[in-house]
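# What the coordinates show
As a plain string of letters, each chain reads:
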Amino acid sequence: MEFKDRPHVHFFEETTSTMDVARKLAEADCPHMTVVVANRQSAGRGRLSRNWYSVDGGLYFTLVLRPNLPVLSVYRVLFAASVSLARTIYELCDVKASVKWPNDILVGDKKLSGMLSELCVQDNMVQYLNLGIGVNVNNDPTIVEPNSVSIKGIIKKEFSRRILLAGFLDSLESVLPTVDKDDVIGEWKQYASTLGRPVSIQTTKTTLRGVAIDVDSQGALIVELPDGTCQRVSHGDCFHDAGGRPASD
Ligand code: BTN
């Protein structure tokens, strides 16, 4: 991959995790929209302390953002980023991707991309937000995760990771200036595949089962439990359970 034209891009043939490099750069005051991208990661990380299998062919990057937002508004950037990624994948690759709450990108019911964030806050204001994204582009993720898919697996040919990354950065950069005012949740709902489905939400403490009925203005998932009461869930890993909408929706 070559990223020589773009400012603030740090490219590595291999690194442990682009999150590690991005944190060091952010702590050393690197500018907003600094991108750390690697061809491979030897210790790629996923959410909830999982590994992210990071062999050649995938797109692995961490974007350092300085959005000048209160910490309570950070969810807006994350939701906007997942919409930007789903939209970019559709526009550039002609692949209809949806978003699983909160930020996974799916095609059908298979995972195409995941997002991890790290935050530094001072006096309730975001100092930096590191957004780590892995996209299965030309790699075969099914070797370790059968319920996953790659762009190459769908379109039956390789797609340029550089073009995909540039398209995503352009898209996100264009929405960031107004992310505190825009209807990011409304936009997100247009791409969401979680609402109306039976779901399981795993948190560090419990697993909750019910039907995902809405996402509120703070990005929390509203789950209707079997007893008819509703629970608001702001963190956790969401699984789409059987009995929901067909995967082709
Ligand atoms: C998830 O779905 O669990 C999140 C996966 C995030 C993976 C990306 S790849 C680039 C960045 N570096 C990492 O170590 N993780 C994120």
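Here the structure is a predicted model, which is why all the values come from computation and not from measurement. (Residues numbered from 1 in each chain as written. Predicted model: local features only at pLDDT ≥ 70, side-chain atom pairs only at ≥ 80, totals over all residues. Heavy atoms only, no water.)

## Some points on the overall build of the protein chain
In terms of helices and strands, the protein chain carries 5 helices and 12 strands. Along the three orthogonal principal directions, the C-alpha set of the protein chain runs to about 55 × 50 × 30 Å. Sorting the 249 residues of the protein chain into buried and exposed places 50% on the buried side. A separation threshold of at least 6 residues defines the contact pool for the protein chain, and within that pool the share at least 24 residues apart is 64%. For the protein chain, the accessible area works out to roughly 12,000 Å², and carbon and sulfur atoms hold 50% of it. Charge separation in the protein chain, taken as the distance between the mean sites of 27 positive and 30 negative side-chain charges, equals 3 Å. (Helix = DSSP H or I, 4+ residues; strand = E, 2+ residues; numbered from the N terminus. Buried < 20%, exposed > 50% of the residue type's maximum accessible area, 1.4 Å probe, protein only. Contact = heavy atoms within 4.5 Å. Areas by Shrake-Rupley, 256 points an atom, 1.4 Å probe, with all protein chains shown as cover. Lys, Arg positive; Asp, Glu negative; His and termini not counted. Charge placed at Lys NZ, Arg CZ, Asp CG, Glu CD.)

## Re the site of the ligand
What surrounds the ligand is a group of 19 residues, the closest being Ser17, Gln41, Arg45, Arg47 and Lys111. For the ligand, a nitrogen atom lies 3.0 Å from a polar atom in the side chain of threonine 18. Here an oxygen atom of the ligand and a backbone polar atom of arginine 47 are 2.7 Å apart. With the chains in place, 99% of the 420 Å² that the ligand exposes on its own is no longer accessible. (Near = heavy atom within 4 Å. Polar contact = N/O pair within 3.5 Å; in protein donor to acceptor, adjacent residues only side chain to side chain.)

## Quick word on a nonpolar patch on the surface
Where nonpolar side chains cluster on the molecular surface, the patch consists of Tyr53, Ile143 and Val144 and spans about 280 Å² of accessible area. Relative to the helices and strands, valine 144 is located in the loop between β7 (125-135) and α3 (151-155). In this structure valine 144 comes out as partly exposed when scored by relative accessible area, which is 48%. (Patch = residues over 30% accessible without salt bridge, like charges linked within 9 Å, V, L, I, M, F, W, Y side chains within 5 Å. Salt bridge = Lys/Arg side-chain N within 4 Å of Asp/Glu carboxyl O.)

## Some thoughts on the packing of helix α2 (residues 74-93) against helix α5 (residues 184-191)
It is at 9 Å that the axes of α2 and α5 come closest, and there the two elements cross at 35 degrees. Where α2 crosses over α5, the handedness of that crossing is left-handed. Residues Tyr75, Arg76, Phe79, Ala80, Ser82, Val83, Ala86 and Arg87 of α2 form the contact with α5, whose participating residues are Val184, Ile185, Glu187, Trp188 and Tyr191. For the contact of α2 with α5, the class distribution of residues is 9 nonpolar, 1 polar and 3 charged. (Axes fitted to C-alpha atoms, helices over the stretch in contact; angles between N-to-C directions. Left-handed = near helix turned anticlockwise from the far one by under 90°. Nonpolar A, V, L, I, M, F, W, Y, C, P; charged D, E, K, R; others polar.)

## A look at the confidence of the model for the protein chain
Per-residue confidence for the protein chain gives a mean pLDDT of 93, with 94% of residues at or over 70. Here residues 245-249 scores under 50 on pLDDT; set against residues more than four positions off or in separate chains, the count is 7 contacts. (pLDDT = per-residue confidence, 0-100.)

## Quick word on the sheet that holds strand β10 (residues 221-224)
Reading across the sheet, the 5 strands line up as β11-β10-β9-β8-β12 and stay open at both edges, with antiparallel pairing between neighbours. For this open sheet the edge positions go to β11 (230-233) and β12 (237-240), each flanked by a neighbour on one side alone. Put simply, the sheet's adjacent strands are angled 45 degrees from each other on average, direction ignored. Across 4 bridges, the pairing between strand β9 (residues 207-215) and β10 is antiparallel. For valine 215, the partnering residue across the bridge sits in β10 and is leucine 221. (Pairing = 2+ DSSP bridges.)

## Section: the packing of α2 against helix α4 (residues 161-175)
At a minimum axis separation of 9 Å, α2 and α4 run at an interaxial angle of 135 degrees. What the angle tells us is that α2 and α4 run oblique. Pair α2 / α4 crosses with right-handed handedness. From α2, Ala80, Ala81, Ser84, Leu85, Thr88, Ile89, Leu92 and Cys93 reach across to α4, where they touch Ile163, Leu164, Gly167, Phe168, Ser171, Leu172 and Val175. Its residues assigned to classes, the contact of α2 with α4 comprises 11 nonpolar, 4 polar and no charged. (Parallel < 35°, antiparallel > 145°, perpendicular 65-115°, else oblique.)

## Here we look at the pairing of β7
By the criterion of burial, β7 is predominantly enclosed, with 9 of the 11 residues buried. Where strand β3 (residues 59-65) meets β7, 7 bridges bridge the pair, whose relative direction is antiparallel. Following the sheet pairing, valine 64 is matched in β7 by asparagine 130. In terms of strand pairing, strand β6 (residues 110-122) meets β7 through 10 bridges, oriented antiparallel. Bridge pairing links leucine 119 to leucine 129 in β7. Linking β6 to β7, which pair antiparallel, is a turn of 2 residues; within it aspartate 123 sits at a positive phi near 50 degrees.

## What to know about the sheet that holds strand β4 (residues 98-100)
With mixed pairing, 7 strands are arranged side by side in an open sheet as β1-β2-β3-β7-β6-β5-β4. Of all the strands in the sheet, just β1 (9-15) and β4 have a single pairing partner and so form its edges. Along the sheet, successive strands turn relative to each other by an average axial angle of 20 degrees, direction set aside.

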